[in-house]
Number of protein chains: 2
Amino acid sequence: MTVLADVAPVPDLLGLTAELVDIPSVSHHEQAIADRIEAMLSGATHLEVLRLGNNVLARTRFGRPMRLMLAGHLDTVPANGNERAVVDAGVCHGLGAADMKGGLAVMAELARNLEAPSVDVTFIAYVCEEVDQRHSGLGEIESEAPDWLQADAAVLGEPTASVVEAGCQGVLRVDLELRGARAHTARPWMGVNAIQRLAPVLAAVAAYEGRRPVIDGCEFREALQAVAVEGGVANNVVPDSARLVLNHRFAPDVSVGQAFASIESLLSPGLDAARGDRLTLGASSLAAAPGLGHPLLARLVAASVSPPRAKLGWTDVSFFSARGTPAANFGPGEPTLAHSAGECVDRSDLELAYRTLRSVLTSADT
Amino acid sequence: MTVLADVAPVPDLLGLTAELVDIPSVSHHEQAIADRIEAMLSGATHLEVLRLGNNVLARTRFGRPMRLMLAGHLDTVPANGNERAVVDAGVCHGLGAADMKGGLAVMAELARNLEAPSVDVTFIAYVCEEVDQRHSGLGEIESEAPDWLQADAAVLGEPTASVVEAGCQGVLRVDLELRGARAHTARPWMGVNAIQRLAPVLAAVAAYEGRRPVIDGCEFREALQAVAVEGGVANNVVPDSARLVLNHRFAPDVSVGQAFASIESLLSPGLDAARGDRLTLGASSLAAAPGLGHPLLARLVAASVSPPRAKLGWTDVSFFSARGTPAANFGPGEPTLAHSAGECVDRSDLELAYRTLRSVLTSADT
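Right, let's walk through the structure included here. Predicted, not measured: the structure shown is a model, and the values here were computed from it. (Residues numbered from 1 in each chain as written. Chains lettered and ligands numbered in written order. Predicted model: local features only at pLDDT ≥ 70, side-chain atom pairs only at ≥ 80, totals over all residues. Heavy atoms only, no water.)

A closer look at the overall build of chain A
Alright, step 1. In terms of regular secondary structure, chain A is built from nine helices and 17 strands.
Alright, step 2. With respect to the three principal axes, the spread of C-alpha positions in chain A is 80 × 40 × 40 Å.
Alright, step 3. Considering chain A as a whole, with its 366 residues, one finds that 57% of them fall into the buried category.
Alright, step 4. Looking at chain A as shown, the accessible area adds up to about 13,800 Å², and 51% of this sits on carbon and sulfur atoms. (Helix = DSSP H or I, 4+ residues; strand = E, 2+ residues; numbered from the N terminus. Buried < 20%, exposed > 50% of the residue type's maximum accessible area, 1.4 Å probe, protein only. Areas by Shrake-Rupley, 256 points an atom, 1.4 Å probe, with all protein chains shown as cover.)

Some points on the relation of the copies chain A and chain B
Alright, step 1. With an axial shift of 0.0 Å and an RMSD of 0.1 Å, the rotation relating chain A to chain B amounts to 180°. Such a combination of rotation and displacement between the chain copies is what one expects of a two-fold axis. (Least-squares fit on C-alpha atoms with pLDDT ≥ 70 in both.)

Looking at the pattern of salt bridges
Residues and elements named next belong to chain A.
Alright, step 1. This structure, assessed with the given rule, holds 45 salt bridges over all chains.
Alright, step 2. Of the charged contacts, one joins Arg275 and Asp272 as a salt bridge, the two residues approaching to 3.9 Å between their closest N and O atoms.
Alright, step 3. By relative accessible area, which is 35% here, Arg275 ends up partly exposed.
Alright, step 4. Members of the salt-bridge network, linked through shared partners, are Glu48, Arg59, Arg61 and Asp147. (Salt bridge = Lys/Arg side-chain N within 4 Å of Asp/Glu carboxyl O.)

Digging into the sheet that holds strand β4 (residues 86–88) of chain B
All names here are of chain B.
Alright, step 1. An order of β4-β5-β17 is seen for the three strands of this open sheet, with the pairing classed as antiparallel. One side of each edge strand has no neighbouring strand; the edge strands of this open sheet are β4 and β17 (344–346). The average undirected angle you get between the axes of adjacent strands in this sheet is 20°.
Alright, step 2. Bridge count between β4 and strand β5 (residues 91–93): three bridges; the pairing is antiparallel. The residue of β5 that forms the bridge with Asp88 is Val91.
Alright, step 3. Here helix α1 (residues 13–21) sits on the sheet and contacts β4, β5 and β17; the angle it forms with β5, its principal contact strand, is near 5°. (Pairing = 2+ DSSP bridges. Axes fitted to C-alpha atoms, helices over the stretch in contact; angles between N-to-C directions. Contact = heavy atoms within 4.5 Å.)

Quick look at the interface of chain A and chain B
Accessible area lost on assembly of the parts is the figure often given for the size of an interface.
Alright, step 1. Counting residues at the interface gives 40 residues for chain A and 40 residues for chain B.
Alright, step 2. One can count zero salt bridges joining chain A with chain B.
Alright, step 3. Here chain A is connected to chain B by 14 residue pairs in polar contact (both at pLDDT 80 or more).
Alright, step 4. Among the elements of the structure, α5 (198–207), β12 (223–232) and β13 (241–250) of chain A are those that each provide at least two residues to the side of chain A that touches chain B. (Polar contact = N/O pair within 3.5 Å; in protein donor to acceptor, adjacent residues only side chain to side chain.)

Comments concerning the packing of α1(B) against helix α3 (residues 97–113) of chain B
Residues and elements named next belong to chain B.
Alright, step 1. For the pair α1 and α3, the least separation of the axes is 9 Å and the interaxial angle reads 125°. Between α1 and α3, the interaxial angle falls into the category oblique. The hand of the α1/α3 crossing is right-handed. Together, Leu13, Leu16, Thr17, Leu20 and Val21 of α1 and Ala97, Lys101, Gly102, Leu104, Ala105, Val106 and Glu109 of α3 make up the contact between the two elements.
Alright, step 2. Of the residues in the contact of α1 with α3, the class split is eight nonpolar, two polar and two charged. (Parallel < 35°, antiparallel > 145°, perpendicular 65-115°, else oblique. Left-handed = near helix turned anticlockwise from the far one by under 90°. Nonpolar A, V, L, I, M, F, W, Y, C, P; charged D, E, K, R; others polar.)

Let's talk about the environment of A:Ala186
Alright, step 1. With respect to the secondary-structure elements, A:Ala186 resides in the loop between β9 (170–179) and α5.
Alright, step 2. You can call A:Ala186 buried: its relative accessible area is 0%.

A closer look at the packing of aromatic side chains
Alright, step 1. According to the stated counting rule, one finds two aromatic pairs over all chains in the structure shown.
Alright, step 2. An angle of 90° between the planes, with centres 5.2 Å apart, marks the rings of A:Phe319 and A:Phe320 as edge-to-face. Comparing A:Phe319 with A:Phe320, the two get one shared label, buried.
Alright, step 3. The side chain of A:Arg221 reaches across the aromatic face of B:Trp189, ending 3.6 Å from its centre. (Phe/Tyr/Trp six-rings, centres within 6.5 Å; stacked < 30°, edge-to-face > 60°. Lys NZ or Arg CZ within 6 Å of the ring centre and 35° of its normal.)

In C-alpha cells:
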C-alpha cells in the first residue's frame, strides 16, 4: 500500500473529465477528442506523441527495464439525454463520464505529469471500442503501427470503481434453429410445432448453472442466457421453425471450442438433427487469463485498496492477452453504470485511480 | 339415399369450374366473377337476381314452406403459380378450384336448373371471405340487405369432399407478454430473463390435451397452438420482455369467454401478475353448433353418401348460426388442399355434390 504515503499533488481530474464529456465522441466520430488529447500531451517533452487516424499514442523512452501500457477508448455509445457534462458535489455526470472519459483523464494526466517514472509508459487512446470489433482502433494499430503495442503488461482504463478486474470472460453466440412441420391450427396433430419444441431447450437454459473456476485468486462465473427468440408463420398455421439466440460467457480456462461443446452437450437432449434442427457457433471473443503473476500487475494489485476480482464482461484485455501481454482492467467509475443514462464518476474515485496507477509507475520495487 | 335414384342430367360442372378459375378473383377483386355469375343466372325466369356491390343473390319465390340458403364466397387467396385452370383426366387444377369455385359452380347450376324445387332456394355468392372478417360480403349484406339472409337453414359450399361437415369450432387468439428485468448478460443474476420464463408456459401448451365433445353425433376436437413468439433486446442484454401468441380452437359447447377462461387457467401457474405479465384475449370468432336436428340439414345428412363429421376449422356457418339459422359445410373438393398451390377438384366430386344437394332441394319428404 503505497497509496497512503503518496502526497504529491493530483491535477483537476474532475474538470478534465467534464471537459472530455463535453466533446462528443460517439463511435466513428472521435476526431475532436483525439485532437484534444493530442494537444494536451504534445507539450510534454518527456513524451513521444504520435497519431494514426484518430488513435493517439504518447510514450516515454527512458529505457526502463519494463514498459506498462495504459490504454483507453475515446468513443462512447450514443447519447441518451446526457450529452452535456453536469458537475455537482464532486460528481461528474454525462455521456462517457464512467465509460471512460474519467479513465482517459486519469491516464492522460499520468502520462503528462510523470516525468521520471520507474517504468516506461505507453498511453494509447483509441477509437471504436463500443462498436463491432472489426472497427476497433486497436486492430488498426496492430496492422499499421504494431510497434505502438510493445509493452510488458497493460492496464485498460475501463470503469471498475478503481478495483483491479482481472482478465475477462470470453463470449460466444449460439444460434439455434428448431424445425417442425406446418399444419392448420385446427388440425395441429398433422404438424409439429417448432415454437413449442423450444420448451425443453429453454428449460435447460433456465436451469443452467455456470462453473465458477478460481484463477489467480479471482472467481469467474460462467453464464448462459437466451437473448433473442423468434418464430411464427401466421395465426392459423402450426409454425415449422423457431429460432433462439443464446449468449454464453465462459471463463478463461476454456477455449471457444470447449465452451461451445459444453453448450452443445447441455442442449442436445432437446435437439433432433434428423428433423433439421441446427445449433451453430456464432461470433465469439476470446477470454483472457488474469495474468496477475506478472510483476507489473502484481504491483497494481498490491497498490490497490481493494482485492482484485474477475472481470465477468468482455473487454479489450483479451486483445492484449492474445498477443502475450498480460492485461487487467482498472479505472474510475462504477462499472454497472456504463451505458446507462445516469453514468457518472466522482472526484474521489478519479483520484484513487490516479494515485494507485502513479504508485505502480513510480514504485522502485521492480 | 335418393342419390342413386337420381337419373336427371348433370350440367358440365367441370367446365364451369375451369371457367370460373380463369376469372381472377383475389379478395377485393371480385367484380368480373360476380358479373359472370349474375349474367348466368339473370336468364332464369324462376329466379329473382339482385346485386349489392359485388355480392350476388338469386332466389326463388315459390312460397314453399321452407327456404334453404346455398352460400359461397367468390374470392380466393392470392395466386401461387396456379392462376390458370388446367383440366386433365377429369380433374380441374388451379387457384380456387377447391376453395371454392367448384362449390360455386355446383350451387349456381342448381339455382339455374331447379325450376320446381320442393323448397325455396336462396343462392348468395359473396365477397371477401378469405380476408379479415370485417370485409366479408356477409356483413355488407347484413347491414344493407338483411332480407337476403332470410332462410330456415344454410349450406356453405366450402370444400368438404362432399361430406357434411357440421357446425364449426370457434377460434380465439391469446396474447401473452411475460416480463423480466434487464441486466448485462455477463451478470444475468442481476436481472430476470423473460424469454427463459417462456419455458413452463410452452411446456404447458405442448402438454395441452384438447376436449373432444360429441355434439349431434359429431366429435369436435379442441386445440391450442403457439403461433408466434418474439423477444430480445440485444445480444448482451438479459431480455425484459417476451411475447407469445396462441391460437385456440374450441368446440361449440362453450362460449368465447369460457374458452378463454380455460386457457387462462392452464397458463396461470407460469404467470406472475405482480411482475407485469399479461394474458389478453385477442380476436375471436364464434363457434357454431352442428344444428343437424333441423329438417333440411337432416335431409342433407340422409342424402349424403358419407356420415357427417365435425368441422374443426372456422367457417361462415358461424355467421348463420349466430343469426339463428342452422348451417352446415358441404361442397366438392378436398378440404386439406384449400390454399395450397396444388388445389384441385374432380368431376365425380362435383357431380356428387350436385346430385346430393339436388336431392335435398327436390325431395318431397318435408
